[in-house]
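Here are the chains, one letter per residue:
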Amino acid sequence: MFQNKPEEVTTMTSFADRIARAKAAYGQRLAILGHHYQTDDIIRHVDFQGDSLELARKIESLGAEHVVFCGVFFMAESAAALARPGQKVHIPRMDATCPMAEMAPASRVEQVLLALRAQGRNVIPLAYVNSTADVKAICGRFGGSVCTSANASAMLKWALDQGDAVLFLPDKNLGMNTAAQLGLPASDHHVINVQASGGRVDMQAAAKARLLLWPGACAIHHKFKPRHIEQMRQAHPGVRVLVHPECAPEVVQASDGAGSTSYLIKQCAEAAPGAVIAVGTELNLVFRLAQRHKAEDKTIIPLKALTCSNMAKISEQRLAELLESLDTAPPVTLPSNVTELSRLALERMLRICA
Ligand code: CIZ
């Protein structure tokens, strides 16, 4: 899958050479971070690979003047909020956005939160990392925080203890799956209508729920269906099916295990030789796991071949071009109040999940 056609090899090699040259020239002044969903063409150039939590934790310890984030924009924003003064965070494509993050525009989040709070309950906002820095800043301002799929249950438990209810956003699937993990009954959550600036929230239903869910979802993970698991089990009797918790609850329930990218990676690493595992997440990670564990006689297959087109915008060419213009390229910047408040929300998470 990752093999280039012969005529592409020269181009790919030359981008790789340009990246290697730029890395050598910058030395310790440059650190490249890459998310697990990046292609192998990018991952081979990164200094650190991880999920957003692992990469967010790295920022503090990085001495580099330039941090290049190979991932999607909200990840670079979080890195910019956590960066030291003077440290510049870059992303090879500013338009590598996350459609789910865009499903919760900050102004709408604030309106809905205020409408919910106007009912007299202390509603704590908890944003999944897949949200804009503006939304994270709202969480910081209203006593809330941020979570990743790796720490969602610890963070939701924390948020439930802080007030009367939690507004979890933007991923309703992660919210519902995490609530199920914590044993929160379905009667305790409610997916809110976020139209008309909070004017359409069913306040009676909201008042009864401890978990209020924003109606967003990941365009990729939402495409996994229970029928894909049934088909997989028929085609490969004995297969173990693992999925990401951004999948719908019925998919998580039909699987043999669900968790963040770091969980999926660990499960594949710890599986016994001979294991057959179908993984329901972004294809680049599944292929990497298949390659990594092939020699150990483990068969790792995609539950369905789904790629994130925004993650894929980060190409070797764009990385090479960015590195060659790093001193003049505009870094990711945030207004100072957004930096301060989104950092507050992120640091709360890092402290709680230390
Ligand atoms: O937290 C992350 O990096 C995301 C978006 C997914 C995951 O499970 O790692």
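### Focus: the overall build of the protein chain
Link 1 in the chain: Tallying secondary structure elements over the protein chain gives 16 helices and 13 strands in all.
Link 2 in the chain: Taking the principal axes of its C-alpha atoms as reference, the protein chain extends roughly 65 × 55 × 35 Å.
Link 3 in the chain: Among the 354 residues that make up the protein chain, the fraction classed as buried is 54%.
Link 4 in the chain: A separation threshold of at least 6 residues defines the contact pool for the protein chain, and within that pool the share at least 24 residues apart is 68%.

### Focus: the confidence of the model for the protein chain
Link 1 in the chain: Per-chain confidence: the protein chain averages 94 in pLDDT, with 96% of residues scoring 70 or above.
Link 2 in the chain: This stretch, residues 1-12, has a pLDDT under 50; its non-local contacts, to residues over four places away or in other chains, come to 9 contacts.

### Describing the packing of helix H7 (residues 133-141) against helix H16 (residues 336-352)
Link 1 in the chain: Contact pair H7 / H16: the axes reach a minimum separation of 7 Å and the direction vectors enclose 70 degrees. In terms of axis orientation, H7 runs roughly perpendicular to H16. In the crossing of H7 with H16, the sense of the turn from one axis to the other is left-handed. Where H7 abuts H16, its residues Ala133, Asp134, Lys136, Ala137, Cys139, Gly140 and Arg141 lie against Val338, Leu341, Ser342, Leu344, Ala345, Leu346 and Arg348.
Link 2 in the chain: Each residue belonging to the contact of H7 with H16 can be placed in one class, and the counts come to 8 nonpolar, 2 polar and 4 charged.

### Quick look at the site of the ligand
Link 1 in the chain: Taken together, His35, Asp51, Ser52, Tyr128, Asn130, Thr148, Ser149, His244, Ser260 and Thr261 make up the full set of residues near the ligand.
Link 2 in the chain: Between His244 and the ligand, the recorded distance is 2.6 Å, taken from a side-chain N or O atom to an oxygen atom.
Link 3 in the chain: Within the contact set of the ligand, an oxygen atom lies 2.5 Å away from a side-chain nitrogen or oxygen of Thr261.
Link 4 in the chain: Protein contacts shield 98% of the accessible area of the ligand, which totals 260 Å² for the unbound molecule.
Link 5 in the chain: When the residues that make up the shell around the ligand are grouped by side-chain class, the tally is 1 nonpolar, 8 polar and 1 charged.

### Description of a positive patch on the surface
Link 1 in the chain: Where like charges cluster on the molecular surface, the positive patch consists of Lys223, Lys225, Arg227 and Lys304.
Link 2 in the chain: Among the secondary structure elements, Arg227 is positioned in helix H11 (residues 226-235).
Link 3 in the chain: We classify Arg227 as partly exposed; its relative accessible area is 47%.

### Looking at the sheet that holds strand S8 (residues 189-191)
Link 1 in the chain: With parallel pairing, 5 strands are arranged side by side in an open sheet as S6-S5-S7-S9-S8. Each of the sheet's edge strands pairs with one partner strand only, and the pair in question is strand S6 (145-147) and S8. Taken over all neighbouring pairs, the strand axes of this sheet differ in orientation by 25 degrees on average, direction set aside.
Link 2 in the chain: Examined bridge by bridge, strand S5 (residues 123-128) and strand S7 (residues 165-169) share 5 bridges and lie parallel to one another. In the strand pairing of S7, Ala127 is matched with Leu169.
Link 3 in the chain: Sitting on the sheet, helix H6 (residues 106-117) touches S5, S7 and strand S9 (211-213), and the angle it makes with S5 is about 150 degrees.

How each quantity is defined
Residues numbered from 1 in each chain as written. Predicted model: local features only at pLDDT ≥ 70, side-chain atom pairs only at ≥ 80, totals over all residues. Heavy atoms only, no water. Helix = DSSP H or I, 4+ residues; strand = E, 2+ residues; numbered from the N terminus. Buried < 20%, exposed > 50% of the residue type's maximum accessible area, 1.4 Å probe, protein only. Contact = heavy atoms within 4.5 Å. pLDDT = per-residue confidence, 0-100. Axes fitted to C-alpha atoms, helices over the stretch in contact; angles between N-to-C directions. Parallel < 35°, antiparallel > 145°, perpendicular 65-115°, else oblique. Left-handed = near helix turned anticlockwise from the far one by under 90°. Nonpolar A, V, L, I, M, F, W, Y, C, P; charged D, E, K, R; others polar. Near = heavy atom within 4 Å. Polar contact = N/O pair within 3.5 Å; in protein donor to acceptor, adjacent residues only side chain to side chain. Areas by Shrake-Rupley, 256 points an atom, 1.4 Å probe, with all protein chains shown as cover. Patch = residues over 30% accessible without salt bridge, like charges linked within 9 Å, V, L, I, M, F, W, Y side chains within 5 Å. Salt bridge = Lys/Arg side-chain N within 4 Å of Asp/Glu carboxyl O. Lys, Arg positive; Asp, Glu negative; His and termini not counted. Charge placed at Lys NZ, Arg CZ, Asp CG, Glu CD. Pairing = 2+ DSSP bridges.

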